[in-house]
Amino acid sequence: MTDLDNRAKTQSVKLTGQYTAPKLVEDEIMEEVENSPVVVSSVSSGNGKSVYSKENDYQRRKYDTIQQMEKAGDESKSYKERMKLKSLENGQEDSSKEEEKGLERRKQRKRRWDVTDEDTNQIDKKTKVDGVIETSSLPTINGIELNDEILNKLLPPGFVKIPQPESYKPRDDELPDFSNFDASGNADGYMIPQESKMLVEAKLVNPAMISDVSGIGELQFFKEEDMKYFGKLIVKKDVPPESMSVDEKKEIRTMRLLLRIKNGSTQNRKTALRSLTENARFLGPKVLFDQILPLMMEKSLEDQERHLLVKVIDRILFKLDELIRPYTHKILIVIMPLLVDSDLVARLEGREIISNLSKAAGLAHMISTLRPDIDSSDDYVRNIVSRTFGVVAYSLGVQNLLPFLKAVCHSKKSWLAKHTGARIVQQIGMIMGSGILPHLNGLISCVADSINDENAQVRIMTANAIASLAESVAPYGIESFEEILQDLWGGMKKHRGRGLAAFLRAIGSTIPLMDEEYANYYTREVFKILSREFSSPDEEMKRTCLKVVQQCCESASVLTKKYMLNEVLENFMTNFWNRRTALDKRVAGLCVHTTVTISKKVGCAEIVERILVHLKDSAEPFRRMAVSTCDTIISEIGSMDLSDRTVHRLVDGLLVAFQEQTTQDPVFLNGFGHIIKSIGIRSKPHLPSILSTLLYRLKSKSPEVRLQAADLITQIAPVIKLCGEEDILAKLGSILYESLGEVFPDVLGSVIAALGSIVVALGAASMNPPISQILPTLTPILKNRHVRVQETTIELIGKIADKGKEFVNHREWMRISFELLEMLKASKKSIRVAANETFGHIAKAIGPADVLVTLLNNLKVQERQLRVCTAVAIGIVAKTCSPFTVLPALMNEYRTPEVNVQNGVLKAMTFMFEYIGDMSADYVYAVSPLLEDALIERDLVHRQTAATVVRHMALGCVGMGLEDVFLHFLNLLIPNIFETSPHVIRRIMDGIEGCRNIVGPGLVMNYLLAGLFHPARKVRHAYWRIFNEMYVQSCDAIVPFYPRLDGVGPAPAMEGNAATRTPDIPELDLMI
Amino acid sequence: MSRAQFDLVMCLKQPGTTIGKVCERCDGRCPGCDSLVNSKKMARICDDCSFGNFADRCIICGGKGFTEAYYCSECVRTEKDRDGCPKVTSLGSSRVDMFYEKKKKGQ
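Residues numbered from 1 in each chain as written. Chains lettered and ligands numbered in written order. Predicted model: local features only at pLDDT ≥ 70, side-chain atom pairs only at ≥ 80, totals over all residues. Heavy atoms only, no water.

Section: the overall build of chain B
Across its full length, chain B carries two helices and four strands. What you see in chain B, going N to C, is helices and strands ordered as β-β-β-β-α-α. Computed over C-alpha atoms, the radius of gyration of chain B comes to 14 Å, within 12% of the 13 Å expected from 2.2 N^0.38 for 107 residues, which places it in the range of a compact globule. Dimensions of chain B, computed from C-alpha atoms along their principal axes, come out at roughly 45 × 30 × 20 Å. For chain B, the proportion of its 107 residues judged to be buried stands at 39%. (Helix = DSSP H or I, 4+ residues; strand = E, 2+ residues; numbered from the N terminus. Rg over C-alpha atoms; globule rule 2.2 N^0.38 Å. Buried < 20%, exposed > 50% of the residue type's maximum accessible area, 1.4 Å probe, protein only.)

Points about the UniProt feature "repeat: HEAT" (unreviewed entry) in chain A
The positions UniProt marks with the feature "repeat: HEAT" (unreviewed entry) are residues 443–481 of chain A. What you have in residues 443–481 of chain A is 72% helix and 0% strand, and the ends, taken at the C-alpha atoms, are 10 Å apart. (UniProt positions renumbered as here; feature names shortened; annotations may be inferred.)

So, the pattern of salt bridges
Between side chains of opposite charge, a pair can form as their charged atoms come close. Residues and elements named next belong to chain A. What the rule picks out here adds up to 43 salt bridges over all chains. With a shortest N-O distance of 2.5 Å, Lys 262 and Glu 305 are connected by a salt bridge. Here Glu 305 lies in helix α14 (residues 303–320) and Lys 262 lies in helix α10 (residues 246–263), a separation of 43 residues in the sequence. Neither Lys 262 nor Glu 305 differs from the other in exposure class; each is buried. Of the charged contacts in the structure, one is a salt bridge between Asp 379 and Arg 382, with a shortest N-O distance of 3.8 Å. (Salt bridge = Lys/Arg side-chain N within 4 Å of Asp/Glu carboxyl O.)

So, the interface of chain A and chain B
Each side of the interface is counted separately: chain A has 37 residues, and chain B has 26 residues. It is A:Gln304, A:Val345 and A:Glu914 in chain A that bury the most area against chain B; as a group they hold 18% of the surface buried on that side. Taken together, the links from chain A to chain B amount to four salt bridges. In this structure, A:Lys311 and B:Asp97 form a salt bridge, with 2.6 Å as the shortest nitrogen-oxygen distance. (Contact = heavy atoms within 4.5 Å. Buried area = accessible area lost by both parts, 1.4 Å probe.)

Topic: the packing of helix α44 (residues 887–894) of chain A against helix α45 (residues 899–916) of chain A
For any two helices packed against each other, one specifies the crossing angle of their axes together with the interaxial distance. Residues and elements named next belong to chain A. Contact geometry for α44 and α45: axes closest at 8 Å, N-to-C directions at 150°. Considering their axes alone, α44 and α45 lie roughly antiparallel with respect to each other. Judged by the sense of rotation from one axis to the other, the crossing of α44 with α45 is left-handed. When α44 is examined against α45, the residues Leu 887, Leu 890, Glu 893 and Tyr 894 are found in contact with a partner set consisting of Val 901, Gln 902, Val 905, Leu 906, Ala 908, Met 909 and Met 912. (Axes fitted to C-alpha atoms, helices over the stretch in contact; angles between N-to-C directions. Parallel < 35°, antiparallel > 145°, perpendicular 65-115°, else oblique. Left-handed = near helix turned anticlockwise from the far one by under 90°.)

Quick word on the environment of A:Lys561
Residues and elements named next belong to chain A. Among the secondary structure elements, Lys 561 is positioned in helix α27 (residues 561–576). Put simply, Lys 561 and Gly 603 are 42 residues apart on the chain and 8.1 Å apart in space, counted from C-alpha to C-alpha. For Lys 561, the residues in contact, after removing those within four places along its chain, are Lys 601, Val 602 and Glu 606.

What to know about unusual backbone geometry
Excluding glycine, residues mostly carry a negative phi; peptide bonds, for their part, are mostly trans. All names here are of chain A. In this structure, the amide linkage connecting Ala 474 to the following residue, Pro 475, adopts the cis form with an omega of 5°. Structurally, Pro 475 can be placed in the loop between α22 (456–473) and α23 (478–494). Cis geometry marks the peptide bond from Asn 768 to Pro 769; its omega dihedral reads 0°. Within the secondary structure, Pro 769 sits in the loop between α37 (745–762) and α38 (771–781).

A closer look at the environment of A:Ser50
Within the secondary structure, A:Ser50 is located in the loop between α2 (23–35) and α3 (51–54). Sequence separation of A:Ser50 and A:Glu305 is 255 residues, and the distance between their C-alpha atoms is 9.3 Å.

Here we look at a negative patch on the surface
Residues and elements named next belong to chain A. A contiguous patch of negative charge, built from Glu 479, Glu 482, Glu 483, Asp 515, Glu 516 and Glu 517, is present on the exposed surface. If you list the elements that add at least two residues to the negative patch, you get α23 and α25 (516–533). Broken down by element, the negative patch gets its largest block of residues, three residues, from α23. With respect to the helices and strands, the residue Glu 482 is situated in helix α23. For Glu 482, a relative accessible area of 49% corresponds to the partly exposed category. (Patch = residues over 30% accessible without salt bridge, like charges linked within 9 Å, V, L, I, M, F, W, Y side chains within 5 Å. Areas by Shrake-Rupley, 256 points an atom, 1.4 Å probe, with all protein chains shown as cover. Lys, Arg positive; Asp, Glu negative; His and termini not counted. Charge placed at Lys NZ, Arg CZ, Asp CG, Glu CD.)

Some details on the domain arrangement of chain A
Frequently, the measure chosen for interface size is the accessible area that the parts lose on association. The domains assigned to chain A are domain 1 (212–326), domain 2 (514–602) and domain 3 (922–939 + 949–1044). Measuring from the centre of the C-alpha atoms in domain 1 of chain A to the corresponding centre in domain 3 of chain A gives 43 Å. (Domains from an automatic or database assignment.)

Some points on helix α20 (residues 415–432) of chain A
For α20(A), with 18 residues, the first-to-last C-alpha span of 26 Å sits near the 26 Å given by 1.5 Å per residue. Burial within α20(A) is extensive, with 16 of its 18 residues counted as buried. (Expected span 1.5 Å × (residues − 1).)

Some words on the packing of aromatic side chains
Residue and element names in this part refer to chain A. In the structure shown here, the tally under the stated rule is 18 aromatic pairs over all chains. With a centroid separation of 6.3 Å and an interplanar angle of 75°, the aromatic rings of Phe 527 and Tyr 563 are classed as edge-to-face. Linking Phe 527 in helix α25 with Tyr 563 in helix α27, this pair joins segments that are 36 residues apart in sequence. Judged by its relative accessible area of 23%, Tyr 563 falls in the partly exposed class. Consider the rings of Phe 658 and Phe 672, whose centres lie 5.4 Å apart with planes at 70°: the pair is edge-to-face. (Phe/Tyr/Trp six-rings, centres within 6.5 Å; stacked < 30°, edge-to-face > 60°.)

Focus: the nonpolar core
In terms of nonpolar packing, the biggest core is built from 307 residues, with A:Ile313, A:Phe481, A:Leu650, A:Trp813 and A:Phe966 touching the most fellow members. The leading source of residues in this core is α37(A), at 10 residues. When near neighbours in sequence (up to four residues on either side) are disregarded, A:Ile313 contacts A:Phe289, A:Ile292, A:Leu293, A:Met296, A:Ile331, A:Ile335 and A:Ile353. Grouped together as the second largest cluster of nonpolar side chains are 18 residues, B:Ala43, B:Tyr71, B:Cys72 and B:Cys85 included. (Core = buried A, V, L, I, M, F, W, Y, C linked by side-chain atoms within 4.5 Å.)

Looking at the state of the cysteines
Tallied over the entire structure, the rule returns zero disulfides over all chains. Among the cysteines around A:Cys995, which has no disulfide bond, A:Cys957 carries the closest sulfur, lying 10 Å off. Lacking any disulfide linkage, B:Cys46 is separated from the closest cysteine sulfur, that of B:Cys49, by 3.5 Å. Note on B:Cys46: relative accessible area 2%, which makes it buried. (Disulfide = S-S within 2.5 Å.)

Structure below.
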């Protein structure tokens, strides 16, 4: 094998569909790499995109957990076996401790869930002791001692006895486990494994050569690691399917589908996913999970691949339902780590799967699966297990989990279980929010006793759990907390350091729940401690202080302006408003939030005056923090109580901060914009200095600076108008017009947006240069490919069409509308929306006729999205220029014998009738022949779209006396109820629903009775579906229309024989 | 429920007194059918969806709440406004797919 091949293998590059550099260049690079002194690490998992490479050490521990589990063979063991193993481990630990302490065995106690059976322990210990005595020299099986002679007879030749290394010291308390050893079944003894033929073959195949795998088609890539899982597909491609067993066939099929899902193109992936989901029950959980789960734990897996596999699991969960039970543990092992992922989306995904899994497996099963990990000595395991339990509680109800939770939290045996219990409570609070209110008493009684636990970690976690509960139920539920307040208070007095932080947070979180009197008392007391801890250097304590101050300020009335000013503010400002705080992002964010909360107590001016100085600080993060605080305070409270002097200093400071910024942070831009907007007319004296800065920056070399300057103009243009400085605005307008030749697309977008905001502020008439000159300049810019440029340009054109249509001639508008058609192809939705609206404005400006011709011609194009957008545009034009100007042309266009055009017309009518609402009544008779034709058309989409039109029309003109025509439509719709395509049947149902609202449920009932009791299930199903929808909306209205079923029961007896006559069964009974 | 996305899950619990919010992007959108026109009646959401983290969030996409959500006249006419709390609780597979697709390209 060549050197190159080796390298390709070790660097795990993507192997298909990649366009590489020419061979010559490649060789050159290779040479360079070889000669360079730096050794490139070529670990297979060093792929920068893989999940593994992005995980931190804590998250990587999942791989250890799985390895351990595999080593112990945990996955295949039942709950009983796992628990027994666990209790054995613990039992040994316990007994050794007891021996050391010389404690006497306690009295027999009531059995608890977590206390192992004393007898089993004893028996286990006894057997162990016996074992030690009997097998003091050599192990024995079935009474035969395994000495050298016997072993020589048992083992095939080739085995050599190796002397014990000197460093080996056997542990006399552990012996190999021979309990499962079956001597009879293993007569040949252990054989040195031969390398399987398949593996050898797999090694021979070079993954670099794989471009497509048989029966799969084009793959996006095929990584080296994939060979490990999908090697069989390559190796066995020549084996005829007839010679394979059923299981093998299933395995190959699953493998193929999984590979298509993981590595295939989007379309390929979708079909494979659907096929896998549909056949999940046929393939069976074993085949599926045996392949999916190992794949999930592959270190080279990328984010997207993992997501796709998670999606597969999610889909097949639904299909397999109770069949997944034996695999619950395995699935959990691979899914649980998602809950501590750094990515929110991944966490949500994990949550969804666990939720579905617990619904399928049931609570008892989930508990028994997770139970052994609750008192694991590994903190990582306990963390993910508690999160999982939180999700389980969320999906199956807290009420059901409470008894178990109570038992865990009151575990007498290990503090680990108590710790996990408290953590579960904390997680439940976080996940469920105020949904825990009904179960608050139960949850608190779970953790109440642990507040005074002997173990510090348990106490801290309990305090955290209480804080989480209190935060999620605020401002309700203080009754439940009353009994533990005393303990919390005591805990707060007793602790220092981390413990104090936790208890402070717990108390702080309960304060917003209390009534005013209590809240004031506690706040006063807490503030004594807080002001002491303000100066603590510990980050955790800092965060806690900020959080608690915030919570107290929001709820307690005792914190008056005077109190805050005299007692708290100075201390707070000196300790928290420094550069050190600004460096830590989390603390800085909290500090900003807390300062804003305080400012609501003491007023805007007090705080702003204090932080003004920091706007000119030399450290940028600190300046940013100050700007962000000023921005939030002024946006929330307003700038009314700032004195003119303060405003002057504020604007001055902001200008410095704005000019000094090195990273063009949006915080500075938005802060400046918001504050100027709030100051309003008071900013008039400062406008010259602001504008000179802006103009200077507009000419800067750096594109970012220009961009920001233009953005700021966009924000402050209305304020300039407010200050009566029209001249300045006009001047700015002409400067921006001159900047339209900007080369950087981002900047150009901002310049156009700024121009737009000036057009709005100044009015189209007083623009300089005039609109008639601006618009033709914009037309070529529409061809720009950049998203932001397109969007802002279209918006500006829309504004001009709206406000200054008279300044532009007809021909120019037509030219623009041609250009706009191209915009309907844009991938960004906001551009398409803006383009559609602009069509409306243009149509209003120059009349619908010309625009409509352009649009109708556009219906003939191939791309669906373009046609849909055109249809929407026609709908908008119809709305803005009244339907009667558009409808004749539309109906005429329908006569074109072309499917796309006809569908487009129908689609346009859908939007039109949706938009015009009750105006549709005037057009119903006019369009009914057209719809009639569409509803009996062979093409599915025709009927689907026509049904939507009918629905919109119907709902628009309920009660307008048009029953006749809608009954006609209903007649045409009813035969479609057996359609199977999901979109079509949905629309047909909607159409029928619309008609039902007009003709009344009684009439529809007559249609349904024919099929409700039809012998064929498929027929019944369709009819019952309509009936159910009708029942939901108007169950009372259909009562009078239930059928009289006179013929039911024995035939009425002959006259005069009244005694034998059975009473008629009321028809309602039958229906119910 | 959204017309285009079938897999979105609505909360559907008993609505309370709180009025649901929508973000700037979803402004004017009907939480029942995604229609952008003929707003008719304010959408009320349940208590679980109106406190804690969810407070003042867009009931359609989870963004920052901006203005009240309104049902369109068609949903009111067909009594879809009475189905229950219209807050969307799931992320929706198309959004998650898009997220990872973007992430992959961004790398």
